[in-house]
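What follows is each chain in one-letter form.
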Amino acid sequence: MNAIFSPGKLMLTSEYFAIDGALVLAVPTKLGQEFFFDEKDDERSLIFWQALHQDKHWLTAVIDYKKWQILETNIPSSAEFILKTLKNVQQLSTTKFKNNLTYHLKTNLQFPADFGLGSSSTLMNNLAEWAEIDPFHLNTISLGGSGYDIAVAKEKSAILFQSKPEIKVEKVNFNPSFKNELIFIHLNQKQDSREGINLYKSKIKSPELVNEFSDITKKILLCDELEKFSELMMIHERKIADFLEISTVKEKIFSDCPSFVKSLGAWGGDFVMSAKFGGFKDYFWEKGFTTIFEWSNIIDL
């Protein structure tokens, strides 16, 4: 079988405000999603879909793409999402699902689904690359969202991203001298980003505030000292907390942490970023957070 790979992502700046065009800095992760494909000219017009999570079976579905019906599956709700997405692929593609071929399609998500590293965005980008269609368009009609995660999967690089007035992606060299001092801690739960986005959308925001996050992103990209980087991250957290009128993750869980703690993406779950300090592993372990990555273990730059 032929294969395509898309990396996962971590959003370092402008969470939520990315929707309104704030400049985002995001980086690719070493783990991502593999996509394997094979086509057989057997006149059956079927899709055999198999999805693995970390090489273990998760979802199977057999789909008739002439009638767009699920013939067999072990998880109906997930199979419905796959059917909807593949129907969108057919709509956008000039070649896929246009004849009577049978498609054998297999995915393998390399990271735990609750890591929030982009199980959907890596799927969208893999399908788009396979079908030679625009991944941003596929993502918009299938899922929605700003599209920064699609940009990371597509470029396989650190990026600056803007969603408005139109999608703008710039590959950047983000290689801070203090990168080996940074750590990424998983909060043992998957955050529902739609819930956070709905809260954000319910608030009135000004163009000036959106621009403030773009300015912070630019400063972070140019940062060459951990102290300054930490200060900017704390300012970033405070601004979002004040706007959403909720506590920061540091206030909620890590109030006695001697370093900054910065949410990455939707607040309340997935990963946070911090910096090493004496006994940092024991500190987080004692609070029940045992999944801790250093830069070189998780970031693919």
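Procedures and definitions
Residues numbered from 1 in each chain as written. Predicted model: local features only at pLDDT ≥ 70, side-chain atom pairs only at ≥ 80, totals over all residues. Heavy atoms only, no water. Helix = DSSP H or I, 4+ residues; strand = E, 2+ residues; numbered from the N terminus. Rg over C-alpha atoms; globule rule 2.2 N^0.38 Å. Buried < 20%, exposed > 50% of the residue type's maximum accessible area, 1.4 Å probe, protein only. Contact = heavy atoms within 4.5 Å. Areas by Shrake-Rupley, 256 points an atom, 1.4 Å probe, with all protein chains shown as cover. Domains from an automatic or database assignment. Buried area = accessible area lost by both parts, 1.4 Å probe. Salt bridge = Lys/Arg side-chain N within 4 Å of Asp/Glu carboxyl O. Pairing = 2+ DSSP bridges. Axes fitted to C-alpha atoms, helices over the stretch in contact; angles between N-to-C directions. Phe/Tyr/Trp six-rings, centres within 6.5 Å; stacked < 30°, edge-to-face > 60°. Core = buried A, V, L, I, M, F, W, Y, C linked by side-chain atoms within 4.5 Å. Arc of directions from axis to C-beta. Polar contact = N/O pair within 3.5 Å; in protein donor to acceptor, adjacent residues only side chain to side chain.

A. Main features of the overall build of the chain. Within the chain one finds ten helices and twelve strands. Its C-alpha atoms give the chain a radius of gyration of 20 Å, near enough to 19 Å, the size a compact globule of 301 residues would have. Over its C-alpha atoms, taken along the principal directions, the chain stretches across nearly 65 × 40 × 35 Å. Looking at the chain as a whole, 52% of its 301 residues are labelled buried. Once local pairs closer than 6 in sequence are excluded, the contacts in the chain between residues at least 24 apart make up 68%. In the form shown here, the chain has an accessible surface area of approximately 13800 Å², with 47% of it arising from carbon and sulfur atoms.

B. Examining the environment of H137 more closely. Its place among the elements puts H137 in helix α3 (residues 135-142). Classification of H137 as partly exposed rests on a relative accessible area of 38%. When the C-alpha atoms of H137 and N173 are compared, they prove to be 27 Å apart, with 36 residues separating the residues in sequence.

C. Structural view of the domain arrangement of the chain. When the domains of the chain are assigned, the result is domain 1 (2-171) and domain 2 (179-297). Taking only C-alpha atoms into account, the centre of domain 1 sits 27 Å from that of domain 2. In this complex, domain 1 contributes 24 residues to the contact, which on the side of domain 2 involves 37 residues. Buried area between domain 1 and domain 2, both sides added, is near 2500 Å², and the carbon and sulfur share of it is 72%. Our enumeration of links across domain 1 and domain 2 arrives at two salt bridges. For the salt bridge of K262 with E15, the shortest nitrogen-to-oxygen distance reads 2.9 Å. For the side of domain 1 that touches domain 2, the secondary-structure elements that each account for two or more residues are β1 (2-11), β2 (24-40) and β7 (159-162).

D. Structural detail: the side chain of S214. Among the secondary structure elements, S214 is positioned in helix α6 (residues 207-221). If sequence neighbours within four positions are ignored, S214 has contacts with G21, A22, L23 and Q162.

E. Region of the structure containing the sheet that holds strand β12 (residues 292-294). The strand order across the open sheet built from four strands is β10-β11-β9-β12, with neighbouring strands paired in antiparallel fashion. Of all strands in the sheet, those bounded by a partner on one side alone are β10 (261-263) and β12. On average, each strand axis in the sheet is inclined to that of its neighbour by 25°, with strand direction left out of account. Where strand β9 (residues 182-186) lies against strand β11 (residues 271-275), five bridges are found, and the strand directions are antiparallel. Each residue of the ladder has a partner; that of F184, found in β11, is M273.

F. Representation of the packing of aromatic side chains. A full pass over the atoms with the stated rule returns 30 aromatic pairs. Between F254 and Y283, the aromatic rings sit 6.4 Å apart at their centres with planes inclined by 45°, giving tilted as the arrangement. In this pair, F254 is assigned in the loop between α8 (249-252) and β10 and Y283 in helix α9 (residues 280-286), connecting sequence segments 29 residues apart. The exposure classification of F254 matches that of Y283, with both residues buried. Both rings, one in F277 and one in F280, keep their centres 6.3 Å apart while their planes meet at 70°; by these two values the pair is edge-to-face.

G. Summary view of the nonpolar core. Residues W49, L86, F97, L105, L127 and W130 are the most contacted members of the largest nonpolar core, which totals 39 residues. Among the elements that make up this core, the one with the highest residue count is helix α2 (residues 119-131) (six residues). In this structure L127 touches F35, W49, T85, L86, V89 and L138, once residues within four positions along its chain are discounted. Judged by nonpolar contacts, the second largest core, of 30 residues, contains V27, L117, M273 and W295.

H. Spotlight on α3. Within α3, the full set of buried residues consists of P135, F136, L138, N139 and S142. Down the axis of α3, the buried side of the element spans an arc of 160°, and every buried residue falls inside it. Considering only its buried residues, α3 is in contact with α1 (76-92), α2, α4 (148-155), β7 and β8 (168-171). The backbone nitrogen of F136 lies 2.9 Å from a side-chain oxygen of the residue at the head of α3, namely D134. Following α3 by one or two positions, G144 has its phi on the positive side, about 90°.

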